[in-house]
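# Structure assessment
One letter stands for each residue in the lines below.
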Amino acid sequence: MADQKKKKLTPVQQEYQVLANKIEPKRTIGVNCLRAFISGGLICVLGQAIEEMFVRWGGFTHKTAASPTVAVLIILSVILTCFGVYDKIAQWAGAGSAVPVTGFANSMASSAIEHRSEGLVLGVGASMFQLAGSVIVYGVVTAFIVGVVHIILDTIS
Amino acid sequence: MLKGHQSWVFENKPSILSTATIVGPFEGQGPLVEDFDIIHGDLTLGQESWEKAEKTLIEEAANLAVEHAGLTKEEIHFFFGGDLMNQIISSSFAARTLSIPYFGLFGACSTSMESLALSAYVVNSGGAEYVLAATGSHNASAEKQFRYPTEYGSQKPPTAQFTVTGAGAAVISRQGAGPVVTSATIGRVMDMGITDPFNMGAAMAPAAVDTIQAHFRDMQIEPGYYDLIVTGDLSKVGYEIANALFKKHNFPIEQTVYKDCGMMIYNYEKQSVQAGASGCGCSAVVTYGHLLNRIRRGELKRILVVATGALLSPLSYQQGETIPSIAHAVSIEAGG
């Protein structure tokens, strides 16, 4: 527990939280990391296989094959989300299925399905980015900062 | 009649004339399947939204309970209902179709016993001949409102609980056959500073223990008076914490059998529910279905049901607020 948070708690609350903490089962971080490594790795292997197929049979180069590969992974993820399978995979895989592009597609598809009942504008349109929105915002902000650093480093050297 | 500081004794013995329990497909796969009146095979109940499905659950349970009592809706004087949705829409919309004079309650998952206690009080004091108490929850509508979209792939921690899809209703009457509501203890709001909405068992356990101790203090009886004490939806984590608190307070819980509804409705080995069940429907369907059936069969004589509720909102925990909790206890005894 963070010290600052602890200060706000009364002694009785602190005592209770120590007791509760002892009883609560903890997230199995080691196992979760291993599962994320395996499942995330498998998704990447699948992506690589799809890319190789585009290169071998689709007449793409390794550079141009990237976009259709991502598109295929997104479609697969959306299909699995629609059939209610992706969240079951995620309970096992954790970050392994959340971090790759399939996780991003799942977050948008699941929000869109969930809020379809509120209509196309206020439901699907407005809520689709409920979870993905912060990824986009902070992704763009981070990219901007990296870009600025890159320009500065370029001008110095 | 008030007894002690926060308890009512119902000397006119209002009886639970009839009950009804409606659940979803997942609950139908659990060990209590025999105790439910209707098990829906479709999680949507044929409705276009999760919210409408939840409303339908409550509506069906209410209608069926009235039917089981051999009454018509016009003969019911009041309806006490509540649920987990914002502005308790499921109960209020069900009350719209039921067209019974209505009190909307919000006690989160403690609503089952809050509504039963108030119904018994009104009947006991001559305020009504027949009162309907109903509550329910839906797994998907609760996930949507409190957590993430249902199909979103997030990994739940082992302390998380699975919201029950189900609704329970009871008709309480001034006279008639059936188990009798003998007393109730109204809980106070407790907050032990837990902030994690995936750890509601730990947030609610102190409220349950507080209300249980208050009940025995007010009623001046010992836990051994009851054949069974059940808490609403503490599940594995909260149940263990509650046991630890009883021990710490030197409360003789071992005189009786202590269980938790959240640990009874699902099969832990076959169903992935982490710590166990939660939701308004949890204590409602377990009590009105399973436990009352056991009383009717004569297996239990006196039980104390302590429904627990976490009074958080999606907004409050995002703003870093702690989770206040409450518990209400109702004592039910075999009639006659």
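Since we're looking at a predicted model, the values are computed, not measured.

## Notes on the interface of chain B and chain A
- Between chain B and chain A, the residue contacts involve 25 residues of the former and 29 residues of the latter.
- Going through the elements one at a time, helix H6 (200-219) and helix H7 (235-248) of chain B are the ones with two or more residues in the side of chain B that touches chain A.
- Per element, the largest residue contribution to the side of chain B that touches chain A is four residues, and it comes from H7 of chain B.
- Here the residues of the side of chain B that touches chain A are counted per class, giving eleven nonpolar, nine polar and five charged.

## Description of the domain arrangement of chain B
Residue and element names in this part refer to chain B.
- Looking at the assigned domains, one finds that chain B contains domain 1 (14-173) and domain 2 (180-333).
- If you look at the interface, domain 1 gives 49 residues, while domain 2 gives 51 residues.
- Among the secondary structure elements, those contributing two or more residues to the side of domain 1 that touches domain 2 are strand E3 (15-23), helix H1 (25-28), helix H4 (111-124), strand E7 (130-137), helix H5 (139-146), strand E8 (161-163) and strand E9 (166-173).
- A total of seven residues in the side of domain 1 that touches domain 2 trace back to one element, the largest contributor, which is H4.
- For the side of domain 1 that touches domain 2, the class distribution of residues is 24 nonpolar, 20 polar and five charged.

## Focus on the packing of helix H2 (residues 50-68) of chain B against helix H3 (residues 89-98) of chain B
All names here are of chain B.
- It is at 8 Å that the axes of H2 and H3 come closest, and there the two elements cross at 50 degrees. When the axes of H2 and H3 are compared, the pair comes out oblique. In the packing of H2 onto H3, the handedness of the crossing is right-handed. Of the residues in H3, those in contact with Glu51, Glu54, Lys55, Ile58, Glu59 and Ala62 of H2 are Ile89, Ser90, Ser91, Phe93, Ala94, Thr97 and Leu98.
- The residue makeup of the contact of H2 with H3, split by class, is six nonpolar, three polar and four charged.

## Remarks on the pairing of strand E11 (residues 228-231) of chain B
Residue and element names in this part refer to chain B.
- Examined bridge by bridge, E11 and strand E12 (residues 257-260) share four bridges and lie parallel to one another. When the sheet's bridge partners are listed, Ile229 is paired in E12 with Tyr258.
- Of the crossover connections in this fold, the one passing from E11 over H7 to the parallel E12 is right-handed.
- The pairing of E11 with strand E14 (residues 302-310) spans four bridges and is classified as parallel. By the bridge assignment for E14, Leu228 is matched with Ile303.

Criteria and thresholds
- Residues numbered from 1 in each chain as written.
- Chains lettered and ligands numbered in written order.
- Predicted model: local features only at pLDDT ≥ 70, side-chain atom pairs only at ≥ 80, totals over all residues.
- Contact = placed C-beta atoms within 7 Å.
- Helix = DSSP H or I, 4+ residues; strand = E, 2+ residues; numbered from the N terminus.
- Nonpolar A, V, L, I, M, F, W, Y, C, P; charged D, E, K, R; others polar.
- Domains from an automatic or database assignment.
- Axes fitted to C-alpha atoms, helices over the stretch in contact; angles between N-to-C directions.
- Parallel < 35°, antiparallel > 145°, perpendicular 65-115°, else oblique.
- Left-handed = near helix turned anticlockwise from the far one by under 90°.
- Pairing = 2+ DSSP bridges.
- Right-handed = clockwise from strand over helix to strand, strands pointing away.

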